[in-house]
Amino acid sequence: MEKIIQITAGRGPAECTWVVAQVLKKVLDEAREQELETVLLQRESGEENGTVETASIAIKGKNAAQFVNSWVGTIQWIGQSQFRKMHKRKNWFIGIFEIEPQKGFSVSENDIQYQAMRSSGAGGQHVNKVSSAVRATHIPTGIAVVSMDSRSQHQNKKLATERLIKKLEDETLQQLKNHVGKQWENQLNIQRGNPIRVFSGTDFKRNKIEKSYKGTRQKLKNDLRNENN
């Protein structure tokens, strides 16, 4: 099983890119501990030394899905800015998103279906009687093109194949652009709050997220008691 995740600072400041760099190390170390294979697909450095704007990682292994689920979401770091020592802000957020793998482009001859057809338009009786035009259809996608440029069926088949491959390449390119667009949307949609993991300090120690609602219940009891007094 293979999963791909993107770790991003979004539009966050330099502090967030420092957090991305630290989280990237944590993800790779934890994956190694769980005997998962990782491949760094993309890494864009931040403006400050040792920082990372965004990184994409392929994670392979039996428990890859479970591992990814434990990381996907908002990551919070609590600590003093590494670049602005007098800055008052102490909470910094980055995002980790799962990305659908992109299939590589390839066309097999077995995936193309050819159909002879009669040419249309000017050309006299020859055009009407001879099935020289060729329609080429890419079976997996249903994309089709027609060539009727030549009186030779063999030549039209060649031209149809070339046009079909070009059309498929254009379609793949558009899908890639849409894929990149979704990644960029991820960078704009980092949610502040409800972090899946919280770290703190310069040693980037992980904080335990309190799941209990005991504190909330106690506060409600106190508020109710105060109202009755």
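Residues numbered from 1 in each chain as written. Predicted model: local features only at pLDDT ≥ 70, side-chain atom pairs only at ≥ 80, totals over all residues. Heavy atoms only, no water.

**Some remarks on the overall build of the chain**
So the rule is basically this: The way it works is that DSSP assigns letters per residue, a run of H or I at least four long becomes a helix, a run of E at least two long becomes a strand, and they are numbered from the N terminus. The contact definition used throughout considers only heavy atoms, calling two residues in contact when any of these lie within 4.5 Å. The method behind every accessible area is Shrake-Rupley, applied with a 1.4 Å probe, and residues are considered shielded solely by the protein chains displayed.
Helices and strands together make up the secondary structure of the chain, namely 5 helices and 10 strands. Residue pairs at least 24 apart in sequence account for 59% of intrachain contacts in the chain once pairs closer than 6 positions are excluded. A total of about 14,700 Å² of accessible surface is found on the chain, and carbon and sulfur atoms cover 48% of it.

**Quick notes on helix 1 (residues 14-33)**
Applied cut-off: What a helix is expected to span follows from its residue count: subtract one and scale by 1.5 Å.
In this model helix 1 runs 29 Å from its N-terminal to its C-terminal C-alpha over 20 residues, within 8% of the 28 Å that 1.5 Å per residue would give. Two residues or fewer after helix 1 comes Glu35, characterised by a positive phi angle close to 60°.

**Here we look at the side chain of Thr51**
The criterion, for reference: Whether a residue is buried, partly exposed or exposed follows from its accessible area with a 1.4 Å probe, protein chains only, as a fraction of its type maximum: under 20%, in between, or over 50%, in that order. Residues adjacent in sequence count toward polar contacts only when both atoms are side-chain atoms; beyond that, a polar contact is any pair of N or O atoms within 3.5 Å, and within protein one must be able to donate a hydrogen and the other to accept it.
Among the structural elements, Thr51 can be located in the loop between strand 2 (37-45) and strand 3 (52-60). Among the residues examined, Thr51 registers a relative accessible area of 2% and is labelled buried. Only 2.6 Å separates the side chain of Thr51 from the backbone oxygen of Glu48, close enough to count as a polar contact.

**A short note on the sheet that holds strand 1 (residues 2-8)**
Inclusion rule: The pairing criterion is simple: DSSP has to find at least two bridges between the two strands. Every angle, taken between N-to-C directions, lies between 0 and 180 degrees, and every axis is a line fitted to C-alpha atoms, over only the stretch in contact when it is a helix.
An order of 2-3-1-5-4-9-10 is seen for the 7 strands of this open sheet, with the pairing classed as mixed. Of all the strands in the sheet, the pair left with one neighbour each is strand 2 and strand 10 (205-207). Each neighbouring strand pair of the sheet contributes to a mean axis angle of 25°, computed without reference to strand direction.

**Things to note about the confidence of the model for the chain**
The cut-off we apply is this: Per residue, pLDDT measures the predictor's confidence, with a range of 0 to 100.
In the predicted model, the chain carries a mean pLDDT of 82, and 79% of its residues have values of at least 70. Ignoring residues within four places in sequence, the model shows residues 123-128, a span with pLDDT below 50, making 8 contacts including any to other chains.

**Some thoughts on the nonpolar core**
Heads up, the condition is: Put simply, buried Ala, Val, Leu, Ile, Met, Phe, Trp, Tyr and Cys residues joined by side-chain atoms within 4.5 Å make one nonpolar core.
Counting 28 residues, the largest nonpolar core has Ile7, Val19, Val23, Val27, Ile59, Trp71 and Ile94 as the members making the most contacts within it. For this core, the elements supplying multiple residues, two or more each, are strand 1, helix 1, strand 3, helix 2 (64-69), strand 4 (73-78) and strand 5 (91-99). Considering each element in turn, this core owes the most residues, 9 residues, to helix 1. In this structure Ile59 touches Met1, Glu2, Lys3, Ile5, Leu36, Glu37, Thr38, Ala64, Phe67 and Val68, once residues within four positions along its chain are discounted. Counting 8 residues, the second-largest nonpolar core is a separate cluster that includes Ile143, Val145, Ala160 and Leu164.

**Looking at the pairing of strand 9 (residues 197-200)**
Across a regular strand the side chains alternate sides, sitting on one face of the sheet and then on the other. By the alternation rule, side chains of strand 9 split into Arg197 and Phe199 and Val198 and Ser200, which are all buried. Pairing analysis gives 4 bridges linking strand 4 to strand 9, with the strands arranged parallel. Note on strand 9: the bridge partner recorded for Gln76 is Val198. Examined bridge by bridge, strand 9 and strand 10 share 3 bridges and lie antiparallel to one another. What sits directly across from Ser200, in strand 10, is Lys205. Taking the residues between adjacent antiparallel strands as the criterion, strand 9 and strand 10 are bridged by 4 residues, where Gly201 takes a positive phi near 80°.

**Some details on the side chain of Thr161**
Its place among the elements puts Thr161 in helix 4 (residues 153-188). Of the residues examined, Thr161 reaches a relative accessible area of 16% and is grouped as buried. For Thr161, the contacting residues outside a window of four places in its chain are Ile112 and Tyr114.

**So, the sheet that holds strand 7 (residues 133-138)**
With antiparallel pairing, 3 strands are arranged side by side in an open sheet as 6-7-8. In this open sheet, the two strands that pair with only one neighbour each are strand 6 (112-117) and strand 8 (144-147). Put simply, the sheet's adjacent strands are angled 20° from each other on average, direction ignored. Where strand 7 and strand 8 come together, 4 bridges link them in antiparallel fashion. Residue pairing in the sheet places Ala136 in a bridge with Val145 of strand 8.

**What about the pattern of salt bridges?**
Quick reminder of the rule: Salt bridges are identified by distance alone: a Lys or Arg side-chain nitrogen within 4 Å of an Asp or Glu carboxyl oxygen.
Under the definition given, this model contains 7 salt bridges. A salt bridge links Glu15 to Arg84; the shortest N-O distance between them is 2.8 Å. One end of the pair, Glu15, is in helix 1; the other, Arg84, is in the loop between strand 4 and strand 5, with 69 residues separating them in the sequence. We classify Glu15 as buried; its relative accessible area is 3%. Among the salt bridges present, the one from Arg163 reaches Asp149, with a minimum N-O distance of 2.8 Å. Residue Arg163 is found in helix 4, and its partner Asp149 is found in the loop between strand 8 and helix 4; the two are separated by 14 residues along the sequence. Judged by its relative accessible area of 34%, Arg163 is partly exposed. Judged by relative accessible area, which is 51%, Asp149 ranks as exposed.

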